[in-house]
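Descriptive structure summary
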Amino acid sequence: MTEAASTTQPDGVATPWSITLEDVSVTYPNGTRALRGVSAHIDAGEMVSIVGLSGSGKSTLIRTINGLVPATSGRVVVGGHEVTGLRGRALRQLRGHIGMIFQSFNLADRTSVLNNVLVGRFAHTPSYRTLLGLTSAADKELALRCLDSVGMLEKVWARAGALSGGQKQRVAIARALCQQPSVMLADEPVASLDPPTAHAVMGDLARINAERDLTVLINIHMMDLARQYSRRMIGLRDGEIVYDGPAASATDADFEQIYDRPIQSRDRMGSAL
């Protein structure tokens, strides 16, 4: 059975997919070159943090994987599907197997937590059922399980707009899980959260990766979180990979290469500021 078949295991968890980028470059219409010849392979079931300054190309890279940003040149292959060659319905079908978590949560604040999570089933539901608001019992049961997996089951009937930032991000994770994805992408999922909540959300993503063997990519600018919660780290600077290796063993020198500045500032007396 090929990886691209997107099979589902007996427990309802999708088979994870690998990701390959081959000499990928992205130039926006205004002339900004966001990625420059990026090549990387991510194994199925791997959890990887992508770190770098704002404008380093992190968001562009992750969005080339689900085709939200088309590659100008090079190849992007996800689960055996060449994303760079997909259009229309084929691209929409692929995105149905790629969960996406955003910094801004992207929830419908005026409706319930349950309805927000059920949005994750739209890609796998006949369009007439979606238009009529018809939800199967199996989809509701799946949504409840996904909420339970991130500790949000008690908020199932709450209005999404009444939740805290951390709770909203957990609902967004549950929504992505409800897709039964083969890949999970998270674009700065903790940037707007306080440190304790950021640790909790990163812990959820690491646990989901371990329990489901799900391929997880996280854009993040906090190096301590990247070190603590992921095994591998890819560092981007000016659209190029300047580090690709174990997250836990990345040195201050590696981070200085990624961020183009010292980790610690020093005053004229040589002491750390």
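In case you missed it, the structure is sitting above this.
In this text the structure is predicted, and so the values were computed from the model without any measurement. (Residues numbered from 1 in each chain as written. Predicted model: local features only at pLDDT ≥ 70, side-chain atom pairs only at ≥ 80, totals over all residues. Heavy atoms only, no water.)

1. Things to note about the overall build of the protein chain
On a plain count of helices and strands, the protein chain comes out with nine helices and ten strands. Counting over 273 residues, the protein chain shows a buried share of 48%. For the protein chain, contacts bridging at least 24 residues in sequence account for 67% of all contacts bridging at least 6. Here the protein chain has roughly 13000 Å² of accessible surface; of this, 50% comes from carbon and sulfur atoms. (Helix = DSSP H or I, 4+ residues; strand = E, 2+ residues; numbered from the N terminus. Buried < 20%, exposed > 50% of the residue type's maximum accessible area, 1.4 Å probe, protein only. Contact = heavy atoms within 4.5 Å. Areas by Shrake-Rupley, 256 points an atom, 1.4 Å probe, with all protein chains shown as cover.)

2. Description of the side chain of Ser56
When you line up the elements, Ser56 lands in the loop between strand E3 (47-51) and helix H1 (58-65). Of the residues examined, Ser56 reaches a relative accessible area of 4% and is grouped as buried. If near-sequence neighbours (up to four positions away) are discounted, Ser56 is found in contact with Ala34, Leu236, Arg237, Asp238 and Gly239.

3. Thoughts on the packing of helix H5 (residues 137-149) against helix H6 (residues 165-178)
Where H5 meets H6, the axes come as close as 8 Å, and the angle between the chain directions of the two elements is 135 degrees. Considering the angle they form, H5 stands oblique to H6. In this structure, H5 meets H6 at a crossing whose hand is right-handed. Together, Leu142, Ala143, Cys146, Leu147 and Ser149 of H5 and Ala174, Leu177 and Cys178 of H6 make up the contact between the two elements. For the contact of H5 with H6, the residue count by class is seven nonpolar, one polar and no charged. (Axes fitted to C-alpha atoms, helices over the stretch in contact; angles between N-to-C directions. Parallel < 35°, antiparallel > 145°, perpendicular 65-115°, else oblique. Left-handed = near helix turned anticlockwise from the far one by under 90°. Nonpolar A, V, L, I, M, F, W, Y, C, P; charged D, E, K, R; others polar.)

4. Considerations on the packing of aromatic side chains
All told, the structure shown has one aromatic pair when counted by the stated rule. With centroids separated by 6.3 Å and ring planes inclined at 10 degrees, the aromatic side chains of Phe255 and Tyr259 adopt a geometry described as stacked. Of the two residues, Phe255 and Tyr259 both sit in helix H9 (residues 252-259), four residues apart, roughly one turn of that helix. (Phe/Tyr/Trp six-rings, centres within 6.5 Å; stacked < 30°, edge-to-face > 60°.)

5. A word on empty space enclosed by the protein
Summed over all chains, the structure comprises one cavity of 30 Å³ or more. In this model, the largest cavity occupies a volume close to 40 Å³. Among the residues forming the lining of the largest cavity, the class breakdown is five nonpolar, one polar and one charged. (1 Å grid on protein atoms, 1.4 Å probe; cavity = no way out; pocket = protein on both sides within 12 Å on 5 of 7 lines; lining within 4 Å. Points joined across faces, edges and corners; volume = space filled by probe spheres on them.)

6. Topic: the sheet that holds strand E6 (residues 98-102)
Spatial strand order, E6-E7-E8-E3-E9-E10: six strands in an open sheet with mixed pairing. The open sheet is flanked by E6 and strand E10 (240-246), the only strands paired with a single partner. Within the sheet, the average angular offset between the axes of one strand and its neighbour, ignoring direction, is 15 degrees. Pairing of E3 with strand E8 (residues 215-219), which is carried by four bridges, proceeds in the parallel orientation. Among the inter-strand pairings, Ser49 is bridged to a residue of E8, identified as Ile218. The strands touched by H1 are E3, E6, strand E7 (183-187), E8 and strand E9 (232-237); relative to E7, the strand with the most contacts, the crossing angle is about 155 degrees. Contacting E3, E9 and E10, H9 runs over the sheet at an angle of about 35 degrees to E9. (Pairing = 2+ DSSP bridges.)

7. Comments concerning the sheet that holds strand E2 (residues 33-42)
Paired through backbone hydrogen bonds, the strands of a sheet run either parallel or antiparallel to each other. The strand order across the open sheet built from four strands is E2-E1-E4-E5, with neighbouring strands paired in antiparallel fashion. Since the sheet does not close on itself, it has two edges, and those belong to E2 and strand E5 (81-82), each with one partner. Pairing geometry for strand E1 (residues 19-27) and strand E4 (residues 73-78), over five bridges, is antiparallel. Following the sheet pairing, Thr20 is matched in E4 by Val77.

8. Side note on the packing of H6 against helix H7 (residues 195-212)
Contact geometry for H6 and H7: axes closest at 10 Å, N-to-C directions at 20 degrees. In terms of orientation, H6 lies roughly parallel with respect to H7. Of the two elements, H6 crosses H7, and the hand of that crossing is right-handed. The residues of H7 that touch H6, namely those facing Gly166, Gln169, Arg170, Ile173 and Leu177, are Thr197, Ala200, Val201, Asp204, Leu205, Ile208 and Arg212. Partitioning the contact of H6 with H7 into residue classes produces six nonpolar, three polar and three charged.

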